[in-house]
Amino acid sequence: MTSRALTVGFDLDMTLIDSRPGIHACYQALSARTGTYIDADLAVTRLGPPLAEELVNWFPAEEIDAVADLYREMYPAIAVAATPALPGAREAIDAVRAAGGRAIVVTAKYEPNAKLHLEHLGIEPDAVIGDLRAERKAEALLDHGAAVYVGDHTGDVRGARTAGAHSVAVATGPCAADELRVAGADVVLADLTEFPAWLATYRAR
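Keep in mind that what you see is a predicted model, and the values were worked out from it rather than measured.

About the cut-offs
- Every chain is numbered independently, its residues counted from 1 as its sequence is written.
- Local features in this predicted model are restricted to residues of pLDDT 70 or higher, and side-chain atom pairs are both shown and tallied only at a pLDDT of 80 or more, whereas totals for entire chains, interfaces and linings draw on every residue.
- Side-chain figures throughout are based on the complete set of non-hydrogen atoms in the structure, without hydrogens or water.
- Cavities and pockets are found on a 1 Å grid laid over the protein atoms alone: a cavity is a set of points where a 1.4 Å probe fits but cannot escape, a pocket is an open set with protein on both sides within 12 Å along at least five of seven lines, and a lining residue has an atom within 4 Å of such a point.
- Grid points are joined across faces, edges and corners, and a volume is the space filled by probe spheres set on the points.
- In DSSP terms, a helix is any run of H or I states spanning at least four residues, a strand is any run of E spanning at least two, and both are numbered starting from the N terminus.
- In this count, Pro and Cys sit with the nonpolar residues alongside Ala, Val, Leu, Ile, Met, Phe, Trp and Tyr, while Asp, Glu, Lys and Arg are called charged and the others, Gly among them, polar.
- To estimate the expected span of a helix, count its residues, drop one, and scale the result by 1.5 Å.
- In this scheme, a residue with accessible area under 20% of its type's maximum is buried, one over 50% is exposed, and one in between is partly exposed, where area comes from a 1.4 Å probe on protein chains only.
- Whether two residues are in contact is decided by their heavy atoms, any of which lying within 4.5 Å being enough.
- By salt bridge we mean one thing: a side-chain nitrogen of Lys or Arg within 4 Å of a carboxyl oxygen of Asp or Glu.
- Every angle, taken between N-to-C directions, lies between 0 and 180 degrees, and every axis is a line fitted to C-alpha atoms, over only the stretch in contact when it is a helix.
- For this classification, under 35 degrees means roughly parallel, over 145 means roughly antiparallel, 65 to 115 means roughly perpendicular, and everything else is oblique.
- For any pair of crossing helices, the crossing counts as left-handed if the nearer helix is rotated counterclockwise from the farther one by less than a right angle, and right-handed if it is rotated clockwise.
- DSSP-based pairing: two strands are paired if at least 2 bridges between them are found.
- Aromatic pairing here means that ring centres of Phe, Tyr or Trp (its six-membered ring) are within 6.5 Å. Orientation follows from the plane angle: under 30 degrees is stacked, over 60 is edge-to-face, and everything else is tilted.
- We count a charge as sitting over a ring when the NZ of a lysine or the CZ of an arginine lies within 6 Å of the ring centre and within 35 degrees of the ring normal.
- Call a crossover right-handed when, viewed with both strands pointing away from you, the route from the first strand across the helix to the second goes clockwise.

Asker: Kindly report on the layout of surface pockets, identifying the contributing residues and their values.
Answerer: Each pocket or cavity is described by its volume, and for the largest pocket that value is around 590 Å³. Lining the largest pocket are 33 residues, with D13, G48, P49, P50 and L51 sitting closest to its centre. Of all the elements in the fold, those that place two or more residues in the lining of the largest pocket are α1 (20-34), α3 (51-55), α4 (64-79) and α8 (154-163). Here the lining of the largest pocket is built from residues that sort into 16 nonpolar, five polar and twelve charged.

Next up, the structure:
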């Protein structure tokens, strides 16, 4: 493997960005708009699954598609500005570029909203692929030849392993470090501030 062949994939929510404040605000606004109670504090503790899997806890099944569309419509004006980058996010992307590689984002988030977050924060990956969760993330990782995938959730670990990519987990999301290890992560970092040093070691091997 040469540095020029290196492609590293990153998850978005709770890996590159702390999406909890924005999603919390959007759930509160959705609750006010629909008149349906949503426990936003609880919802942001279980980020990772698709939106529909959270909405089904608050809305009848026959309303989920329409409510999901409404949420996505409201999201840019409410959630994007409220969402910060996580520590080390920019430096992690920069480290891949400094190694002559490509950095891509592969996320379960609705792709247009994922791009809005990155644009707002001034983070510029080489590609953004949305609407893929867990094992399905392997589709994009394989398409782009990613050797490494970085994420915060056990689903991200499964996606990396399905693609045959090295699984780097960060304990910044809903899954604890031990849970990520048990799921099969090759390495678990406290957060992305540790990623540049890890990448240097990985490339040296």
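Asker: Hey, could you go over α1 for me, with residue numbers and the actual values?
Answerer: Think of an α-helix as turning once every 3.6 residues; residues three or four places apart then point the same way. Given a rise of 1.5 Å per residue, 15 residues ought to cover 21 Å, and the 21 Å separating the end C-alpha atoms of α1 matches this to within 8%. For α1, every residue scored as buried is listed here: G22, I23, H24, C26, Y27, L30 and S31. On the buried face of α1, the contacting elements are α2 (40-43), α3 and α4.

Asker: How would you explain the pattern of salt bridges if you had to name every residue and give the values?
Answerer: All told, the structure shown has eleven salt bridges when counted by the stated rule. Put simply, D18 and R20 hold a salt bridge, and the shortest N to O gap is 2.9 Å. With a shortest N-O distance of 2.9 Å, R136 and E139 are connected by a salt bridge.

Asker: Mind laying out the packing of α1 against α4, listing which residues take part and the relevant values?
Answerer: Viewed as axis vectors pointing N to C, α1 and α4 meet at an angle of 125 degrees, and their least axial separation amounts to 9 Å. When the axis of α1 is compared with that of α4, the two are oblique. The interaxial crossing formed by α1 with α4 has right-handed handedness. Packed against α1, whose contacting residues are G22, I23, A25, C26, Y27, A29, L30, R33 and T34, the element α4 presents V67, L70, Y71, M74, Y75, I78 and A79 at the interface.

Asker: An account of the sheet that holds strand β1 (residues 7-10) is requested, with residue identities and associated values reported.
Answerer: Pairing between the strands of a sheet comes from backbone hydrogen bonds, and it takes one of two forms, parallel or antiparallel. Spatial ordering of the open sheet is given by β3-β2-β1-β4-β5-β6, a layout of six strands whose pairing is parallel. What marks the edges here is a single partner per strand, and that holds for β3 (127-129) and β6 (187-189). Within the sheet, the average angular offset between the axes of one strand and its neighbour, ignoring direction, is 20 degrees. Two elements, strand β2 (residues 102-106) and β3, share three bridges in a ladder whose sense is parallel. Bridged to V105 within β3 is V128. Strand contacts of helix α6 (residues 111-121): β2 and β3, with the helix running at about 140 degrees to β3, the strand carrying the most contacts.

Asker: Can you explain the packing of aromatic side chains? Please cite residues and give values.
Answerer: Considering all chains together, one arrives at six aromatic pairs under this definition. Centre to centre, the rings of F195 and W198 are 5.7 Å apart; their planes meet at 35 degrees, and the pair counts as tilted. Here F195 pairs with W198, and both are found in helix α10 (residues 195-204), just three residues apart, close to one helical turn. A relative accessible area of 10% places W198 in the buried class. With centroids separated by 4.9 Å and ring planes inclined at 20 degrees, the aromatic side chains of W198 and Y202 adopt a geometry described as stacked. Of the two residues, W198 and Y202 both sit in helix α10, four residues apart, roughly one turn of that helix. The same class applies to W198 as to Y202, namely buried. Three or more aromatic residues joined by ring pairs form one cluster here, namely F10, F195, W198 and Y202. We note R72 situated over the ring of Y110; from NZ or CZ to the ring centre the distance is 5.4 Å.

Asker: Got a sec to walk through the pairing of β2? Specific residues and values, please.
Answerer: Two faces belong to every sheet, and in a regular strand the side chains alternate between them. By the criterion of burial, β2 is predominantly enclosed, with four of the five residues buried. With four bridges connecting them, β1 and β2 associate as parallel partners. Bridged to F10 within β2 is V105. Between the parallel elements β2 and β3, the chain passes through α6 in a crossover that is right-handed.

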